[in-house]
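Survey of secondary and tertiary structure
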Amino acid sequence: MYYTFIQGVQSIDDVELVSVDLMPYVAPGAVDIKGSILNRGINPITALTVTWDDGNGPNVDNITGLNIASYQTYNFTSSTQLTTVGGNAYSIDVSVSIANDADSTNNDLIAPTYALDTIPKKYVVGEEKTGTWCGWCPRGAVGLAGMESN
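Here's the deal with the overall build of the protein chain
For the protein chain, the count of helices and strands is one helix and ten strands. Order of helices (α) and strands (β) in the protein chain, N terminus to C terminus: β-β-β-β-β-β-β-β-β-β-α. For 150 residues, the compact-globule estimate of 2.2 N^0.38 gives 15 Å, and the C-alpha radius of gyration of the protein chain, at 24 Å, exceeds that figure by more than 25%. With respect to the principal axes defined by its C-alpha atoms, the protein chain has extents near 75 × 45 × 25 Å. Out of the 150 residues in the protein chain, the part that is buried amounts to 27%. Across the protein chain, every contact between residues at least 6 apart in sequence was considered, and the portion connecting residues at least 24 apart equals 65%. When the accessible surface of the protein chain is totalled, it reaches about 10,300 Å², and 53% of it is carbon and sulfur.

Basis of the calculations
Residues numbered from 1 in each chain as written. Predicted model: local features only at pLDDT ≥ 70, side-chain atom pairs only at ≥ 80, totals over all residues. Heavy atoms only, no water. Helix = DSSP H or I, 4+ residues; strand = E, 2+ residues; numbered from the N terminus. Rg over C-alpha atoms; globule rule 2.2 N^0.38 Å. Buried < 20%, exposed > 50% of the residue type's maximum accessible area, 1.4 Å probe, protein only. Contact = heavy atoms within 4.5 Å. Areas by Shrake-Rupley, 256 points an atom, 1.4 Å probe, with all protein chains shown as cover.

So, in structure tokens, the structure goes:
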């Protein structure tokens, strides 16, 4: 553990959009827009606005009834889902805002994603590394049988 000291004074009100939780590849259909914010200010955040845009116009969520203390995080999910079509790429611009935000340079992130035409079939591969040279091969056979049964 270590401490970092930053010269200056902590802002009264400041919010930062820390992450947008959107997979780089998604299935066609409805996709949740999720993210995480950090309260960098002294005052607790009681209300915030999350806006995201895929190029078809903004989608706005006004979230109230919060009590996010200083340097605590909050995870959000937009009430409006992104509707994706297979074979299309999307660039989602997400922003968060609060009243009297002292630093608006940390409020925006862009999340790219691509809607797949088909979801590829997945296979699980297990390998037992043993041979006739092995001095005690039942151990590998028992391990492989355990993987097959589960």
